[in-house]
Amino acid sequence: MTARVTHGSRIGPIIAIAALLALAAAPWWTDRQGLRLLGEIYAYAALASLWNLLAGYAGLVTVGQQAFVGLGAYTLFGLALLAGVNPLWGIPAAGLIAAIAAVPVAALTFRLRGAYFAIGTWVVAEVFRLGAAQFSALGGGSGTSLPASVLAAIGNRAAREQLFYWLALALAAATILAILLLLRSRHGLALAAIRDNETAARANGIEVDRTRLAVFVIAAAGTAMIGALIFLQKLRISPDAAFSVNDWTALVIFIAVIGGIGRVEGPLLGTALFFLLRESLSQLGSLYLLVLGAVAIAVMLLAPRGLWGLLADRLGWQLFPLARRLEPRSSAPPVPAATTPAREASP
Amino acid sequence: MKGKHPEAADRLAPAVTRRTVLGSAGLLAAPAIARAQGAGRPIKIGFVNPRTGPLAAFGEADAFVQENLAKTLAEGIRIGGRTHPVQILARDSQSSSSRAAEVASELILRDKVDLLTAASTPDTVNPVADQAEVNEVPCVTTNCPWQPYFFGRRGDPAKGFEWTYHFFWGLEDVIAAFTDLWSKAETNKVVGGLFPNDADGNAWGDAKLGLPPALAQKGYRLVDTGRFQPFSNDFSAQIAAFKAADVQIVTGVLAPPDFATFWSQAGQQGFRPKIATIGKALLFPSAVSSLGDRGQGLTTEIWWSPHHPFRSSLTGQTATELCDAYSKATGKPWTQPIGYEHALFEVALDVLKRAGKLEPEAILGAIRATDLRTIAGPVKWGSGPVKNVAKTPLVAGQWRRVSGGGLDLIVLANPGATEIPIGGTLDLLR
C-alpha cells in the first residue's frame, strides 16, 4: 500500500494552522517595518511557490512570470487612476485579467519545448514591457505614481499597513493551500507523472496540455494578484520596474532553487534564506549580489535538489502530506485511522 | 574621523550586520556625546542615491561628500538646549525605482528617519518622495529637473504636495540655456531631437511642456522622430531623418551608452552636425573621454562647476575648493553631482537647525521657510513655479581638451544666471 503521511506531516497541518494564527496576529507583536518586511516575505514566498508549481511540477520552466506581475500591477494602477476604482478591487481584477491573458500566451509558448519555452516566455514578458511603455495614459516609459489621495480612500496610515499585511498573508496562504489541494487531487498525480516523464504520461492517457494550461492560468492569476499588491505598496510603477526580470523572476528562481524545486516546502525555506541574506548583506552593494550567486552555485553543486531536498532525503522530513511512499505490508506499523486513503492513479 | 561616521563604518566592516555597525558607531560616538551637555537623541537623515547600476556615476561622490561633512555632523545640532548628534543613513537605490521605494520605506519605518533626502534622476527621487508623502515624513530631494519630479508624480499645480520638497532647475532653463548657446553661432536653426521613452525623454519631448513648443516659439524647426526605447542599438532611422532635413544642431536627453551609440553611428553614416547639445549623457568626464576625439566640442547643460561663484554654508568651501578636495581625496576629476549632494545636506542641516523641535510638522515648517545660500546657489521655496519646487541656476557649456590630456567643461551661455561667469566662446564641431 502507499501512504502520504509521515510523523512530520501529521503534525504539519497543526503547526501550519498555529503559525498562520500567530502570523495573522503580527500587528499586535511587531511594528510597521516588521509588517512591511513580513508582507514582502509572503509575496516572495507566494511567487516562488507558484514558479515552483510551474517548473517543479508541470515542467514549465518559465523565465517570464514578470509578465504577469507587471500585468497585475498595471491593471491595479489603470483601474485606480483611470477608472477611479478603489485600489483594493484592483487585486482580484488583476487576477482575472491575467488569467484571461494567460490563455493566448500559453497558446503561443506551449508550442516550444525546454530552453526554447523559457526564452519564449521571456520574449512574451518583454513584449508586455514594451507594450506598457507605449501606454501613455499610465506614463508610458516614464511610469507614474499613485497619489496619496487614492490611498487615503482605503483608510488611514495604520489601518492601511495592517490591511496590506493581512492581504499579503491571505494571498500567500491561499496560494500555498491551493497548490496543496491541487497536488493532492487527481491533477496532482497527473502533474507528478508529467514531471517524471512527459511521454510516458501522455502514453498513459494523461491530458498533458490541458493540465499544463490549467496550471499556467492558475499561476498567472496568482502571480498577478501578488504583483498588484506589491505595487500598491510601492506606489510607483514603471515598465522597467513592473516587468523586471531580475526582481520577479531571477530572484524567484534563486529562492526556488536554493530551497528545492519540486517540493512545496522548498520555496518556503528558500524565501527564509533569501531574506536572511538580504537583510544582513544588502548594504554591501555588488558584493551582496556576488554572495547570492556563490550561494546559488554552491547549492546547485552540493545539493542539486535544494536545501529542503537535502533535509528531506536525509531525515525523511515532510511538512505537507504529499509524497507517496511504499509501505511494506507485513511489517507496517499500525496506520492510524486518520491516514488519508491512498488514491489510485486513475487518469 | 572615519570610525565616528556610521556610514563610513558601514563600508569598512562588511562582515557585520547593519545593527551591530550602528551599535558600535554609537559606542565610538559616545565620548563626543558625553562631552556635549544635555545630549539628545541622534537625528537621523535618510539619503537614497544610486551607488550601483547604470546610474552609479551619480553616486560616485557619496562617500567623499559625507566624509567631507563628518566634522560638521559630529558637532551635532542644538535644539532646545540639547545637542543632538546627526547621522546620515545612506542607502543604495541600485539604479532601480523599485529598490528606491523599498529602501525609502525601510528608512521611514525601520530607521524612523527625521528627514528623508534623495538625489539623482526621476527613477530615484520620485519613488522616495512618493513613500515620504504617503507616510507623512518630511522629504527634500534634488538632482532631477522639476517637471518629471512634479508632473511625473501626478502633481497638481494648484494643490502641490504636502510633505515633499525639491530644488533643481527645470526644462524652461534648459531651453533658455541651449537656445542662448546656439544663438552664438551661425546655423540654419534646424534641430534634431533625440527623446527616448523614459521619464526624462518624455518630459523633454512633451508636446505641451517640453522642448517642441518652446523651440518653435524661438524660431527653431525641430525634427522629432518620436520616442524610442532606451538602450536601442540602432539610430539609423533618426540619422537618416536628420540628414534629410539638413539638421545642423542635435539635442536631446540620453543615457551615456545611448549617446555613445548614436554618436558613433552618426560618424559612420556621415552625419556631421555643427552643434550637439545633449542632456544627461555628457555630465561625467568619464563618459565624454570614452568618446575619444569625438567627445571634443560636445555641449551640455551645466548645473554646477568649479567656476560657480557660491560657497558652502557648512564648511565655507568655495566650489573650486570643494572640487579640489574631491580630486585630492579620490584622484578623480570633479563631477556635477558633488555640488548638489553637498547642497542637499546643507539644506537638510539648515532645516533641522531651524526646526526647533524634532517633530515632523516642525521640520516641514522649517523646510517651507528655507532661505539658504548653498554651494549650488540660493534655495528658497515659495517663489518657484509650484509650491514644492525651488529653482537653482542652470547654464550651458562645452567640453574642451585642456593641456595635460584631461577634459574641462567651459561655461558658454548663462541666460538668467549671469552671476556665473562665461569662460569662452562656442567652437563648432568639425
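Residues numbered from 1 in each chain as written. Chains lettered and ligands numbered in written order. Predicted model: local features only at pLDDT ≥ 70, side-chain atom pairs only at ≥ 80, totals over all residues. Heavy atoms only, no water.

**Examining the overall build of chain B**
And step 1. Scanning chain B from N- to C-terminus turns up 17 helices and 17 strands.
And step 2. Scaling as 2.2 N^0.38, a compact globule of 430 residues should have a C-alpha radius of gyration of about 22 Å, and chain B matches this with 22 Å.
And step 3. For the C-alpha atoms alone, the extent of chain B along its principal axes is close to 70 × 50 × 40 Å.
And step 4. Relative to its 430 residues, chain B shows a buried fraction of 61%.
And step 5. A sequence separation of at least 24 residues applies to 71% of the contacts in chain B between residues at least 6 apart.
And step 6. On chain B, roughly 15,700 Å² of surface is accessible, and the fraction owed to carbon and sulfur atoms is 53%.
And step 7. Averaging the positions of the 44 positive and the 41 negative side-chain charges in chain B gives two centres separated by 3 Å. (Helix = DSSP H or I, 4+ residues; strand = E, 2+ residues; numbered from the N terminus. Rg over C-alpha atoms; globule rule 2.2 N^0.38 Å. Buried < 20%, exposed > 50% of the residue type's maximum accessible area, 1.4 Å probe, protein only. Contact = heavy atoms within 4.5 Å. Areas by Shrake-Rupley, 256 points an atom, 1.4 Å probe, with all protein chains shown as cover. Lys, Arg positive; Asp, Glu negative; His and termini not counted. Charge placed at Lys NZ, Arg CZ, Asp CG, Glu CD.)

**Re the overall build of chain A**
And step 1. A tally of regular secondary structure across chain A gives 16 helices and four strands.
And step 2. Per-residue burial for chain A yields a buried fraction of 52% across its 347 residues.
And step 3. Partitioning the contacts of chain A with sequence separation of at least 6, the portion at a separation of at least 24 is 78%.
And step 4. Accessible surface, chain A as shown: approximately 15,400 Å² in total, 70% of it carbon and sulfur.

**Observations concerning the UniProt feature "domain: Leucine-binding protein" (unreviewed entry) in chain B**
And step 1. Under the present numbering, the feature "domain: Leucine-binding protein" (unreviewed entry) in UniProt falls on residues 42–400 of chain B.
And step 2. End C-alpha to end C-alpha, residues 42–400 of chain B measures 46 Å, and it is 40% helix and 20% strand. (UniProt positions renumbered as here; feature names shortened; annotations may be inferred.)

**Here we look at the UniProt feature "transmembrane region" (unreviewed entry) in chain A**
Residues and elements named next belong to chain A.
And step 1. Residues annotated in UniProt with the feature "transmembrane region" (unreviewed entry) correspond here to residues 12–29, 41–60, 67–85, 91–110, 163–183, 213–232, 252–275 and 287–308.
And step 2. Secondary structure across residues 252–275 divides into 79% helix and 0% strand, with the first and last C-alpha atoms of the span separated by 12 Å.
And step 3. Taken end to end, residues 287–308 has its terminal C-alpha atoms 26 Å apart, with 86% of it in helix and 0% in strand.

**Brief notes about the packing of helix α5 (residues 87–109) of chain A against helix α11 (residues 208–234) of chain A**
Residues and elements named next belong to chain A.
And step 1. Contact pair α5 / α11: the axes reach a minimum separation of 7 Å and the direction vectors enclose 145°. The handedness of the crossing between α5 and α11 comes out as right-handed.
And step 2. Taken together, the residues that form the contact of α5 with α11 break down as 21 nonpolar, two polar and no charged. (Axes fitted to C-alpha atoms, helices over the stretch in contact; angles between N-to-C directions. Left-handed = near helix turned anticlockwise from the far one by under 90°. Nonpolar A, V, L, I, M, F, W, Y, C, P; charged D, E, K, R; others polar.)

**Some details on the layout of surface pockets**
All names here are of chain A.
And step 1. Of the pockets and cavities examined, the second largest pocket occupies roughly 920 Å³.
And step 2. Considering the residues around the second largest pocket, the lining is formed by 30 residues, among which A16, L20, I176, L268 and F320 are closest to the centre.
And step 3. Looking at the lining of the second largest pocket, the elements that each hand over two or more residues are α1 (7–24), α3 (32–57), α8 (157–184) and α14 (265–281).
And step 4. Counting residues per element, the lining of the second largest pocket draws most heavily on α8, at nine residues.
And step 5. Taken together, the residues of the lining of the second largest pocket break down into 26 nonpolar, two polar and two charged. (1 Å grid on protein atoms, 1.4 Å probe; cavity = no way out; pocket = protein on both sides within 12 Å on 5 of 7 lines; lining within 4 Å. Points joined across faces, edges and corners; volume = space filled by probe spheres on them.)

**Some details on the interface of chain A and chain B**
And step 1. Chain A puts 43 residues into the contact, and the matching count from chain B is 35 residues.
And step 2. Both sides together, the interface formed by chain A and chain B hides about 3,100 Å², and carbon and sulfur atoms give 42% of it.
And step 3. Per-residue buried area on chain A facing chain B is highest for Q33(A), R236(A) and Q283(A); these three make up 22% of the total on that side.
And step 4. Taken together, the connections running from chain A to chain B amount to five salt bridges.
And step 5. The salt bridge involving R110(B) is made with E279(A); its shortest N-O contact spans 2.5 Å.
And step 6. When residues of the side of chain A that touches chain B are traced back to their parent elements, those giving at least two are α3, α6 (114–133), β2 (144–145), α7 (148–152), α8, α11, α13 (245–259) and α14 of chain A.
And step 7. A per-element tally of the side of chain A that touches chain B places α3(A) first, with five residues.
And step 8. Class assignment for the residues of the side of chain A that touches chain B results in 14 nonpolar, 16 polar and 13 charged. (Buried area = accessible area lost by both parts, 1.4 Å probe. Salt bridge = Lys/Arg side-chain N within 4 Å of Asp/Glu carboxyl O.)

**With respect to the nonpolar core**
For soluble globular proteins, the rule of thumb is that nonpolar side chains tend to be buried together.
Residues and elements named next belong to chain B.
And step 1. F167, F259 and F262 are the most contacted members of the largest nonpolar core, which totals 112 residues.
And step 2. Top contributing element to this core by residue count: helix α16 (residues 337–355), with 11 residues.
And step 3. When residues are assigned to domains, this core turns out to be shared by domain 1 (36–169 + 306–390) and domain 2 (172–302 + 394–413), each giving three or more.
And step 4. Once you skip the residues sitting within four places of it in the chain, F262 turns out to touch L194, F235, I239, F242, V250 and F271. (Core = buried A, V, L, I, M, F, W, Y, C linked by side-chain atoms within 4.5 Å. Domains from an automatic or database assignment.)

**Brief notes about empty space enclosed by the protein**
Residues and elements named next belong to chain B.
And step 1. Counting across every chain of the model gives five cavities of 30 Å³ or more.
And step 2. Size it by volume and the largest cavity reaches roughly 120 Å³.
And step 3. For the largest cavity, the lining is made up of 14 residues, of which P145, D200, K280, L283 and E301 are closest to its centre.
And step 4. Counting the residues that make up the lining of the largest cavity, at least three belong to each of domain 1 (36–169 + 306–390) and domain 2 (172–302 + 394–413).

**So, the domain arrangement of chain B**
Residues and elements named next belong to chain B.
And step 1. Each assigned domain of chain B is listed here: domain 1 (36–169 + 306–390) and domain 2 (172–302 + 394–413).
And step 2. In this structure, domain 1 and domain 2 have C-alpha centres spaced 29 Å apart.
And step 3. In this complex, domain 1 contributes 16 residues to the contact, which on the side of domain 2 involves 16 residues.
And step 4. Note on domain 1 versus domain 2: buried area summed over both sides is about 1,600 Å², and carbon and sulfur give 70% of it.
And step 5. Contact with domain 2 buries area across many residues of domain 1, yet W169, W334 and Q336 alone supply 38% of it, more than any other trio.
And step 6. Linking domain 1 to domain 2 there are zero salt bridges.
And step 7. Inspection of the region where domain 1 meets domain 2 yields two residue pairs in polar contact (both at pLDDT 80 or more).
And step 8. Within the residue set of the side of domain 1 that touches domain 2, elements represented by two or more residues are α3 (56–59) and α8 (146–150).
And step 9. The residue makeup of the side of domain 1 that touches domain 2, split by class, is 11 nonpolar, five polar and no charged. (Polar contact = N/O pair within 3.5 Å; in protein donor to acceptor, adjacent residues only side chain to side chain.)

**Let's talk about the packing of aromatic side chains**
All names here are of chain A.
And step 1. Scanning the model with the defined rule gives 37 aromatic pairs over all chains in all.
And step 2. When the centroid spacing of 5.8 Å and the interplanar angle of 80° are considered together, the rings of F68 and F216 count as edge-to-face. On the criterion of sequence distance, the pair formed by F68 in helix α4 (residues 66–82) and F216 in helix α11 is long-range, its members being 148 residues apart. For the pair shown, F68 and F216 are each scored as buried. (Phe/Tyr/Trp six-rings, centres within 6.5 Å; stacked < 30°, edge-to-face > 60°.)

**What about the pattern of salt bridges?**
And step 1. Scanning the model with the defined rule gives 34 salt bridges over all chains in all.
And step 2. Among the salt bridges present, the one from D130(B) reaches R153(B), with a minimum N-O distance of 2.8 Å. Here the residue D130(B) occupies a position in helix α7 (residues 121–135), and R153(B) occupies one in the loop between α8 and β7 (164–167), the gap between them amounting to 23 residues.
And step 3. Residue classification places D130(B) among the buried positions, given a relative accessible area of 5%.
And step 4. Measuring nitrogen to oxygen at the nearest pair gives 3.1 Å for the salt bridge that ties D224(B) to R227(B).
And step 5. A residue is classified by how much of its surface remains accessible, and D224(B), at 29% relative accessible area, is partly exposed.
And step 6. Judged by its relative accessible area of 30%, R227(B) is partly exposed.
And step 7. Residues joined in a network through salt bridges with shared partners are E40(A), K234(A), R278(A), E279(A), R99(B), E102(B), E106(B) and R110(B).

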